[in-house]
Amino acid sequence: MAHGTVVLLNGTSSSGKTSIARALQDIIDEPYLHTGIDEYSPHIPARFTTVSGGTAPELSDYFTLIYRD
């Protein structure tokens, strides 16, 4: 199996993550797929996900979705 590369861009809303991803796609020779976590979260099995809120969220061994107002 061939190894791949993952580039993770983390930041607040409107911080420029999409602009950076598009700029990287323009200058990197290999093809890179640009996608967001919103595309993946609906496909994560519920047994691996903890949904939490508040200032002290309950953590999961796999994925934690934190909802805050």
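Preceding block: the structure.
Residue numbering note: each chain is counted from 1, following its sequence as written. Per-residue local features of the predicted model are confined to residues with pLDDT of at least 70, and side-chain atom pairs are confined, for both listing and counting, to 80 or more; whole-chain, interface and lining totals are unaffected and use all residues. Computation of side-chain values: all heavy atoms of the structure, hydrogens and water removed.

1. A look at the overall build of the protein
Here's step 1: Counting from the N terminus, the helices are the DSSP runs of H or I reaching at least four residues and the strands are the DSSP runs of E reaching at least two. When you go through the protein residue by residue, the secondary structure sums to two helices and two strands.
Here's step 2: Walking the protein from its N terminus toward its C terminus, one meets helices and strands in the order α-α-β-β.
Here's step 3: When a residue's accessible area, from a 1.4 Å probe over protein chains only, is under 20% of the maximum for its type it is buried; when over 50% it is exposed; and in between it is partly exposed. In the protein, which comprises 69 residues, the proportion classed as buried is 6%.
Here's step 4: For the protein, the accessible surface area stands at approximately 6500 Å², while carbon and sulfur atoms represent 54% of it. Surface accessibility in these figures is a Shrake-Rupley result with a 1.4 Å probe; residues are shielded only by whichever protein chains are displayed.

2. Brief notes about unusual backbone geometry
Here's step 1: One non-glycine residue, S14, adopts positive backbone phi at about 65°.
Here's step 2: Taking the relative accessible area as the measure of exposure, S14 reaches 78% and is therefore exposed.

3. Looking at a nonpolar patch on the surface
Here's step 1: Together, V7, L9 and I20 give the surface a local cluster of nonpolar side chains, amounting to about 230 Å² of exposed area.
Here's step 2: By the secondary structure assignment, I20 is in helix α1 (residues 17-27). In this analysis, a patch consists of residues with relative accessible area above 30% that form no salt bridge, clustered at 9 Å for like charges and at 5 Å for the nonpolar side chains Val, Leu, Ile, Met, Phe, Trp and Tyr. One speaks of a salt bridge when a side-chain nitrogen belonging to Lys or Arg is within 4 Å of a carboxyl oxygen belonging to Asp or Glu.

4. Here we look at the environment of L33
Here's step 1: In this fold, L33 is placed in the loop between α1 and α2 (37-40).
Here's step 2: Judged by relative accessible area, L33 falls into the exposed class, the value being 73%.
Here's step 3: Each C-alpha atom of the pair L33 and R22 lies 9.8 Å from the other, and the pair is 11 residues apart in sequence.

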